[in-house]
Amino acid sequence: MKRYMGFFIVSILAGSLTLLGYQFFFENETNFHLPENTNLQTPIVPTSYNLSTTSETELPDFTLAAENTVHAVVHVKNVSTARVPRNIFEYHFGSGPERKAVRGMGSGVIISPDGLIVTNNHVIEGATEVEITLNNNEVYKAEVLGQAAENDLAVLKIEAENLEYLTFGDSNQLQLGEWVLAVGNPFNLTSTVTAGIVSAKARNLDPRKAGMQSFIQTDAAVNPGNSGGALVNKRGELIGINTAITSQTGSFIGYSFAIPSNNAKKIIEDIMEFGSVRKAVLGVRGVDLDGKNAKELNLDVTQGFYVGSVDENSGANEAGLKEGDIITQIDQIKIRKFADLTGYISTKNPGETVEVTYLRNNKQRETLVELSIFEVYKIEDLGIEVSNASASELKEFKAEYGVRINRVLSQRLASENLTGILITEINDTPVKNVKDVEDVISKKAFSDPLKVTFKGPSGKEKTYIFR
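Now for a quick tour of the structure. Model, not experiment: these values are computed from the prediction. (Residues numbered from 1 in each chain as written. Predicted model: local features only at pLDDT ≥ 70, side-chain atom pairs only at ≥ 80, totals over all residues. Heavy atoms only, no water.)

## Quick notes on the overall build of the protein chain
Worth spelling out the cut-off: Strands are runs of DSSP state E lasting at least two residues, helices are runs of H or I lasting at least four, and both sets are numbered from the N terminus onward. Summary of the burial criterion: residues with accessible area below 20% of their type's maximum are buried, those above 50% are exposed, and those between are partly exposed, where the area comes from a 1.4 Å probe applied to protein chains only. Should any heavy atoms of two residues lie within 4.5 Å, those residues are considered in contact. To measure how exposed things are, a 1.4 Å probe is used in the Shrake-Rupley method; for residues, cover is taken only from the protein chains shown.
Broken down by element type, the protein chain carries 10 helices and 27 strands. Relative to its full complement of 467 residues, the protein chain shows a buried share of 42%. For the protein chain, contacts bridging at least 24 residues in sequence account for 57% of all contacts bridging at least 6. Accessible surface for the protein chain amounts to roughly 27300 Å². Of this, 51% is attributable to carbon and sulfur atoms.

Here it is, written out as structure tokens:
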């Protein structure tokens, strides 16, 4: 019994010592905690994001840009008029009541306080009348001052004063990931603003087309009716004209495209001054570099524009550019592909000089190139456009002279695959350049047939008479 009592006493003493040890070593540790009202700063930075600690100025604010832009974006209606005969007499004599029908709708951007407006050419194409509705619901009839179908731009004018308008920003300074606003009239919903970021620059949508192929790509929602509307940056500057979407449904699925403001500004200035677009060219032809091309050409670089040929009568030839050179930069614009090159050159005028940086035998060089004018002529009777042929093209076609078919405009010849082949004679007269073609066509009477000799890549010639 005494032995059990001894064990019991020892157990009590051991428990007491354990409790005292716990209080001494562990409970006293709480004295080292900082009180809640301490002014000391902890060096630990939390990894969680607390919205309440973030200043509102750090978040993108589009309110001012949107407010300024909606008043400068207009609703454009493509109106056609026709006389509808009520009886056989009116049918034969072309009389009857006049009726108007809206063929299409889009958007436009006011670019001057006296009513100068830019829109897409496809918005007003074929219109007999163009109607403009401002954001305050005032309606005007617009005059079409000029069209650049190849560039899908048109310039309109309404008789008004003191209008709110947008100033041009520098589209060359756009950065990937930069916030932008798209403003227009999708689905006939006026003054609609959507936001997105710049997803890509110098985007080439269809290299087979002769028009400009260097677009700004954004993920701002753009739908039918937005065409011709404004793409602006956070400062409210016009940095693009919304033009197209890529979609299998016809509606926005995440990709929209705009003509860069620098290109649009140059085209508008040409239309206003010359009535048409004066296209500047470097005078080189070639291919984009990529991994496959670089391997085939035994090159160490996979970005840039590889010069396959240099036009004999061009500024590039005079500046010393040669076949095999790789253009990597023009002025301060990096050239990763042909769309970068054409996009920048399209903002320049013939006669201007640019600095070209290129690689030759893996050594970097620079040269100054005076831009040439791209001479074209439309043979309206045939529905084709011709340009001067380069020396390499003449050699390829085994021809001493001729002009190159630049593009086919007529639907009746669209299936003939004539683009790129040569015309050597018109009405039995040799044509060596665009000026020769213009001279021959100007001497032809309206009712006279047109005799044209074509030459294919094999050197074989065929002559056709068009009546």
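## Looking at the packing of aromatic side chains
The line we're drawing: Within 6.5 Å between ring centres, the rings of Phe, Tyr and Trp (the latter by its six-membered ring) count as paired, and their orientation is classed by plane angle as stacked under 30 degrees, edge-to-face over 60, tilted in between.
Using the criterion set out here, one finds 4 aromatic pairs in the structure. A centroid spacing of 6.5 Å and a plane angle of 75° characterise the contact between Phe454 and Phe466, whose relative ring orientation is edge-to-face. One end of the pair, Phe454, is in strand β26 (residues 450-455); the other, Phe466, is in strand β27 (residues 461-466), with 12 residues separating them in the sequence. As far as burial versus exposure is concerned, Phe454 and Phe466 are alike and both buried. Put simply, the rings of Phe454, Tyr464 and Phe466 touch in pairs and so form one group of aromatic residues.

## Examining the sheet that holds strand β8 (residues 192-203)
Hydrogen bonds along the backbone pair up the strands of a sheet, which may run parallel or antiparallel. For clarity, the threshold we go by: Should DSSP find at least two bridges between two strands, the strands are regarded as paired. Fitted lines through C-alpha atoms serve as axes, helices being fitted only where they are in contact, and the angles separating the N-to-C directions of these axes extend from 0 to 180 degrees.
Here we have 6 strands rolled up into a closed barrel, ordered β7-β8-β9-β12-β11-β10, and antiparallel in their pairing. Taking the axes of each pair of neighbouring strands and ignoring which way they run, one obtains an average angle of 45° across the sheet. Looking at chain direction, strand β10 (residues 230-232) and strand β11 (residues 238-245) are connected through 3 bridges and run antiparallel. Bridging from a neighbouring strand, Ala230 pairs with Ile241 of β11.

## Concerning the environment of Phe466
With relative accessibility at 18%, the residue Phe466 sits in the buried group. The sequence separation of Phe466 and Asp448 amounts to 18 residues, and the corresponding C-alpha distance is 9.2 Å. In contact with Phe466, not counting residues within four places along its chain, are Leu382, Arg412, Pro449, Leu450, Val452 and Phe454.

## Digging into the pattern of salt bridges
Under the convention used in this document: A carboxyl oxygen of Asp or Glu within 4 Å of a side-chain nitrogen of Lys or Arg is what we treat as a salt bridge.
Following the criterion strictly, the structure yields 14 salt bridges and no others. When the shortest N-O distance is used, the salt bridge between Lys77 and Glu131 registers 3.8 Å. Here the residue Lys77 occupies a position in strand β1 (residues 73-83), and Glu131 occupies one in strand β4 (residues 129-133), the gap between them amounting to 54 residues. For Glu131, a relative accessible area of 22% translates into the label partly exposed.

## A short note on a negative patch on the surface
Inclusion rule: For patch building, the residue pool is restricted to those with more than 30% relative accessible area and no salt bridge; the joining distance is 9 Å between like charges and 5 Å between nonpolar side chains (Val, Leu, Ile, Met, Phe, Trp, Tyr). Within this scheme the basic residues Lys and Arg register as positive and the acidic residues Asp and Glu register as negative, but His and the chain ends are omitted. A charged residue contributes its charge at one atom only: NZ of Lys, CZ of Arg, CG of Asp or CD of Glu.
A surface patch of negative charge is lined by Asp114, Glu143, Glu159 and Glu161. By the secondary structure assignment, Asp114 is in the loop between β2 (98-110) and β3 (116-119). Given the relative accessible area of 39%, Asp114 is considered partly exposed.

## Thoughts on the side chain of Gln217
Checked against the element boundaries, Gln217 lands in strand β9 (residues 215-218). Those residues in contact with Gln217, other than ones at most four positions away along the chain, are Ile197, Val198, Ser199, Ala200, Arg203, Tyr255, Ser256 and Phe257.

## Some remarks on the side chain of Asp325
Applied cut-off: For the purposes of these results, a polar contact is taken to be a pair of N or O atoms within 3.5 Å, where, inside protein, one atom must be able to donate a hydrogen and its partner to accept one; residues adjacent in sequence count only when each atom of the pair is a side-chain atom.
With respect to the helices and strands, the residue Asp325 is situated in the loop between α7 (315-318) and β16 (326-330). A relative accessible area of 1% means that Asp325 is categorised as buried. Here Arg360 takes part through its side chain, which lies 2.8 Å from a polar atom of the side chain of Asp325. Setting aside residues up to four positions removed in sequence, Asp325 forms contacts with Phe305, Tyr306, Val307, Gly320, Tyr358, Leu359 and Arg360.

## Points about the nonpolar core
The criterion, for reference: Side-chain atoms within 4.5 Å are what join buried Ala, Val, Leu, Ile, Met, Phe, Trp, Tyr and Cys residues into a set we call a nonpolar core.
Grouped together as the largest cluster of nonpolar side chains are 27 residues, with contacts concentrated most on Val109 and Ile241. If you list the elements that add at least two residues to this core, you get α2 (63-70), β3, β6 (153-157), β7 (179-184), β10, β11, β12 (256-260) and α5 (261-274).

## Concerning the layout of surface pockets
To keep it simple, the criterion reads: Space inside and on the surface of the protein is sampled on a 1 Å grid over the protein atoms alone, with a cavity defined as a set of points where a 1.4 Å probe fits but cannot get out and a pocket as an open set with protein on both sides within 12 Å along at least 5 of 7 lines; lining residues have an atom within 4 Å of a point. Grid points are joined across faces, edges and corners, and a volume is the space filled by probe spheres set on the points. In this classification, Asp, Glu, Lys and Arg are treated as charged, Ala, Val, Leu, Ile, Met, Phe, Trp, Tyr, Cys and Pro as nonpolar, and every other residue, Gly included, as polar.
Quantified by volume, the second largest pocket comes out at close to 580 Å³. Sorting the residues of the lining of the second largest pocket by element identifies β8, β9, β17 (333-334) and α8 (338-345) as the ones contributing at least two each. By residue number, the principal contributor to the lining of the second largest pocket is α8, which donates 4 residues. Per-class residue counts for the lining of the second largest pocket are 10 nonpolar, 8 polar and 5 charged.

## A look at the environment of Ile423
Along the chain, the position of Ile423 falls in strand β24 (residues 422-426). Under the relative-accessibility criterion, Ile423 is labelled buried at 0%. Here the alpha-carbon distance between Ile423 and Gly402, two residues 21 residues apart in the chain, equals 5.4 Å. Residues within four places of Ile423 in sequence aside, it is in contact with Ile379, Ile384, Val386, Gly402, Val403, Ile405, Val431, Val452, Thr453 and Phe454.

## Re α2
Going by this rule: The directions considered for the arc run from the helix axis to the C-beta atoms.
Within α2, the full set of buried residues consists of Ala65, Ala66, Thr69 and Val70. The buried residues of α2 occupy an angular sector of 115° when projected down its axis, which confines them to one face. Pointing more than 90 degrees away from the buried face of α2 are the exposed residues Thr63 and Leu64.

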